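What follows is the residue order along each chain.
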Amino acid sequence: MSETSTGAPDHANVPPTEPRWTVQWADGPVPDRRRPRPLVGHSGPVRTVATALVDGRPVAVSGSRDHTVRVWDLATGEQLHDPVSGRTDPVSSMTAEVLSVATAVADGRPVAFSLHGDESVLVWDLATGRAAGEFVRLVESAVLDGRRVLLTLGADGTLSVGDLLTGRRIAAFPSAAGVAMLEGRRVVLTVDAVDVDRTVGVWDMATGDQLARTLAVVRTVDLDGRVLAVTAPERDREPDRWPDPAPDPGEGRLWDLATGEPVDATEAAAVLADGADLPGVTTLTVVHGRAVSVGLDGEEPRFIGPLALARPSGALVRTRARETAVLDGRTVALTAEADGTLRIWDLTDDAPRVHGMRVVDAVGASATAPVLPPGPEREADLWHRISDRGNGPSGSADPVLLTVEQDVTVVVRDRATGKPVGPPLTGHTGKVWDVATTVVDGRPVAVTASADHTLRTWDLSHARAQGNGPARAGHTGTVSAVTTTVLDGTPVVVTAGADRTVRVRDLSTGRQVTAPVTGIESEVTAMVASEVDGRPVIVTAGSGDTLHLLDLVGGEHLGEPVTSHHGRVLALAAATLAGRQVVVTAGSDRTAAIWDLATRRPIGEPLTGHTSRVTAVATAEPAGRPVAVTGSWDKTVRVWDLGTGRQIGEPLTGHDDWVTSVATTLVDGRPVAISRSRDRTVRRWDLATLREIGEPLTGHTDPNGPMVVTTGGARSVVAVGQGQAVRFWDLVTGREVGNEYAPVLPAAALAAAPGGRLVVAFGPEIALLRPAAG
């Protein structure tokens, strides 16, 4: 969409006030004022959400199918920290999916728990965004070489041995399969799950030393029901330090897998001659002269020989009744008591200390808001909510409750009657997975998580708001271009849509003042108002190479389309050159061009210099000199003298990605160009000095939305479309100002209107915003 220059406001010297944008009228439903802000950033469906307080600020914690956990400041809509994720499998290189999140206050610190697809439960410090530990299974407490230790098992199968007195980890054994006793000492048995041979390891728990060696099996035979294995010679192996003597390195050895004993050499020849080959065993682990084999069916190892299993099954106990974690280097245990209380036990002392724990995924009690006070009835459900994603606010004793209905809507209902309070909270375009509640600036707020990759916040203090008002007839397809002009003395807004019509509405009332202009051969993507022989006209460009001139009063096309030779016209801007009405076009052929509307012919040669397609154009008259400002995929902004057709000065550089929009205005009396880029910044350029003004304006989450400059009341502001939001930045201070406007669909086009007003096109609808102080 093209942008044209705007002048300084008449009251530029009045001290500025904070602009507040309100809807003057809307073509169709008025955007829901209960939805103050979308939270955009996830690249996959958002499956789960919880809320908490961090340093007094309400935050939301979200988990998504994009495998990340994100923390959001609900007052500003910004992410507090970099996204975090679970483990990445070293074999598949896949990161575990986030299944659910919950929040709590542990030892006075707000933390989040995230459950992942690999069954791990990780702990995150919400104040820093850093990992604070993970949940592990508490296998048992034991005495090891005179030290009291804890044996814990992580979700990745690592058995850890921790000193109960200091909380420090003594040893860790990945891929643990069981614990056993060997000659009075505790040992750990491991089975390498990555190794195709599923090698068994035997380790001294106290020292971490390996107590066995692995031999390669070259043949397995069945002789009258006896399973025997032949191991390869070890001549190529490095000498090992094993408790038992190594066999003759020049010979292989035959092992009876039922007993783990080696078979006498004199018997081996007959056995190998008569036995039938069996597949399945590829390695043997030898412990003190006896073999520990991996089962032929590929299941758990068969522990044979001198091993006395510490537990009858040989498998490690996995229980949810007792959980441990590491927080700031301290070993703690989390227990669920019979009365539903969750407790944290500090295991770093001889006598464990108890720390209380409360769930805060609904923050701040209120007598009238659907916000859940913390209490045992919520605490008892922590494990269930982590596992089953039940973060919703059911069970509250407050007057209203939230229910997810019809997949994409959340309904606020009166708890006593069950009847809906106000219209549904619509706006999501995908299934709503989860709902949480909190308080922001004293107002009750709901946060919803959806398959459309977004979270949305809802101001529940407006739950009893009335309907959205009557709808007006308008476009039947997406509105793709907007401009404003004056028709018979009346300010009007002109819109073009995917339904291939152009419509004219009274800017003050929103009523259509002429019949729609039809017969447009393609969807209009750029549009500008101008004059031909004193008659107001609209110049449009679509997906092709032609320009159309439209008479809005008569609803007619003025003459034949004009071929631009751009390949495709990407942007338009109007100007006056030596008393003639002209338009400047920008195209995919890397050039811009000037057109005389009266003659329909180009003026001079194309404006060349860009090295990639020209995507945006605006015009201005600094010191009475008509100029054009263009932006391109070559990451530069260029200024052109329309009288000579030559470039003024050097290209304006600073963006490090495509320039997608440009506009011009006056800031403190100086002519200024504004450029927006796919690098998510907006930059300000002094057209007199051709230098950048101040620092880039940042915080733009959507790099491709529309941009326009308007006065915004008492100050010049740039309005930027950010998906389903329009945000505003003060061009003098560079700070974000005013209230965010949230249409029900992404903002597709913006246009400045007289009186500092702003036209927003979203889907097939448009709305007129007006600034108001306060």
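Above this text is the structure in question.
About the criteria used
Residues numbered from 1 in each chain as written. Predicted model: local features only at pLDDT ≥ 70, side-chain atom pairs only at ≥ 80, totals over all residues. Heavy atoms only, no water. Helix = DSSP H or I, 4+ residues; strand = E, 2+ residues; numbered from the N terminus. Buried < 20%, exposed > 50% of the residue type's maximum accessible area, 1.4 Å probe, protein only. Contact = heavy atoms within 4.5 Å. Areas by Shrake-Rupley, 256 points an atom, 1.4 Å probe, with all protein chains shown as cover. Salt bridge = Lys/Arg side-chain N within 4 Å of Asp/Glu carboxyl O. Pairing = 2+ DSSP bridges. Core = buried A, V, L, I, M, F, W, Y, C linked by side-chain atoms within 4.5 Å. Phe/Tyr/Trp six-rings, centres within 6.5 Å; stacked < 30°, edge-to-face > 60°. Lys NZ or Arg CZ within 6 Å of the ring centre and 35° of its normal.

A. Focus on the overall build of the chain. The helix and strand tally for the chain stands at 3 helices and 61 strands. Taking all 774 residues of the chain together, the buried fraction comes to 53%. Of the contacts formed within the chain by residues at least 6 apart in sequence, a portion of 48% connects residues at least 24 apart. When the accessible surface of the chain is split by element, carbon and sulfur atoms take 49% of a total near 32300 Å².

B. Broad picture of the pattern of salt bridges. Tallying each qualifying case throughout the model produces 15 salt bridges. For the salt bridge of D66 with R70, the shortest nitrogen-to-oxygen distance reads 3.7 Å. The same class applies to D66 and to R70, which are both buried. A salt bridge links D634 to R638; the shortest N-O distance between them is 3.7 Å.

C. Examining the sheet that holds strand β5 (residues 68–73) more closely. Strand order across the open sheet formed by 4 strands is β3-β4-β5-β6, with antiparallel pairing between neighbours. Two strands bound the open sheet, and with one partner strand each, they are β3 (46–54) and β6 (84–85). By the bridge criterion, 8 bridges tie β3 to strand β4 (residues 57–64) in an arrangement that is antiparallel. Across the sheet, residue V46 finds its bridge partner in β4, namely S64.

D. Looking closely at the nonpolar core. Core analysis: the largest hydrophobic core is formed by 17 residues, its most contacted members being V539, L547 and L572. Looking at this core, the elements with two or more residues in it are β38 (526–532), β39 (535–541), β40 (546–551), β43 (569–577) and β45 (592–596). Counting residues in hydrophobic clusters, the runner-up holds 16 residues, among them W21, F728, Y741 and A747.

E. Structural view of the packing of aromatic side chains. The final tally for this structure, using the stated rule, is 2 aromatic pairs. Taking the centre distance of 6.5 Å and the plane angle of 50° together, the rings of F173 and W203 count as tilted. Of this pair, F173 sits in strand β14 (residues 169–173) while W203 is found in strand β17 (residues 200–204), placing the two residues 30 residues apart along the sequence. For F173, a relative accessible area of 4% translates into the label buried. With a relative accessible area of 24%, W203 lands in the partly exposed category. Geometrically, the ring pair formed by W633 and W658 is stacked, given 3.8 Å between the ring centres and 10° between the ring planes. One end of the pair, W633, is in the loop between β48 (627–632) and β49 (637–641); the other, W658, is in the loop between β50 (646–647) and β51 (659–667), and 25 residues separate them in sequence. W658 gets classed as partly exposed once you look at its relative accessible area, which sits at 26%. Seen from the ring of W633, R613 lies directly overhead, with NZ or CZ sitting 4.5 Å from the centre. One cation-aromatic arrangement involves R678 over W658; the distance from NZ or CZ to the ring centre is 3.8 Å.

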